[in-house]
Amino acid sequence: MSLQISSAAKSLLHKFALPAATSVAQYHEKVIDHYENPRNVGSLNKNDKNVGTGIVGAPACGDVMKLQIRVDDNGKIVEAKFKTFGCGSAIASSSLATEWINGKTIEYASKIKNDEIAKELCLPPVKLHCSMLAQDAIQAALKDYQKKQNKEA
């Protein structure tokens, strides 16, 4: 059995439904770039004493972000990796965050704020929680790293 759609129905579909569907999700080109070409995807050995791991999530939308840092003896982040399950804005936020902290000190990384990430990616208000997750993931990774260092002392 095949479904027959009248030409009048097709006309209404193209006039009302299709334009609405195609204009709903408009991501900024920076988000699309990080989504299509994410930087620093991967994992580090969580058991390494020089690796800090932060795992955060947003129950409301289902986004989960893991961000890891490897820190040298001088307090410099020599490697940052992430894995994110979520929307394009969440992936872009974590990708940008790893770019920003790679090669920087842990002190510098601790000062990165979600509004800076949101501004750089031109996130709309409805997606600000994604940049907040990235900030929280950085903080959690730093906290985990510090905890491991204090355990060694």
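Preceding this section is the structure that the text describes.
First, a word on what this report is: a plain description of the structure on this page. Every value quoted in this text rests on a predicted model; they were computed, and no experiment measured them.

### Describing the state of the cysteines
No. 1: Enumeration over the complete set of coordinates arrives at zero disulfides.
No. 2: No disulfide involves C61; its sulfur sits 5.9 Å from that of C130, the nearest cysteine.
No. 3: With no disulfide of its own, C87 lies closest to C130 among cysteine sulfurs, the gap being 3.7 Å.
No. 4: Given a relative accessible area of 18%, C87 falls into the buried group.

### Some details on the sheet that holds strand β1 (residues 51–58)
Hydrogen bonding along the main chain pairs the strands of a sheet, whether they run parallel or antiparallel.
No. 1: Read across the open sheet, the three strands follow the order β1-β2-β3; overall the sheet is antiparallel. Of all the strands in the sheet, the pair left with one neighbour each is β1 and β3 (77–85). Across this sheet, the average inter-strand angle for adjacent strands is 15°, counted without regard to direction.
No. 2: Bridge count between strand β2 (residues 63–71) and β3: eight bridges; the pairing is antiparallel. Residue pairing across strands places M65 opposite T84, the latter belonging to β3.
No. 3: Here helix α3 (residues 88–101) sits on the sheet and contacts β2 and β3; the angle it forms with β3, its principal contact strand, is near 175°.
No. 4: Contacts from helix α6 (residues 128–152) reach β1 and β2, with the element oriented near 145° to β1.

What counts and what doesn't
Residues numbered from 1 in each chain as written. Predicted model: local features only at pLDDT ≥ 70, side-chain atom pairs only at ≥ 80, totals over all residues. Heavy atoms only, no water. Disulfide = S-S within 2.5 Å. Buried < 20%, exposed > 50% of the residue type's maximum accessible area, 1.4 Å probe, protein only. Pairing = 2+ DSSP bridges. Helix = DSSP H or I, 4+ residues; strand = E, 2+ residues; numbered from the N terminus. Axes fitted to C-alpha atoms, helices over the stretch in contact; angles between N-to-C directions. Contact = heavy atoms within 4.5 Å.

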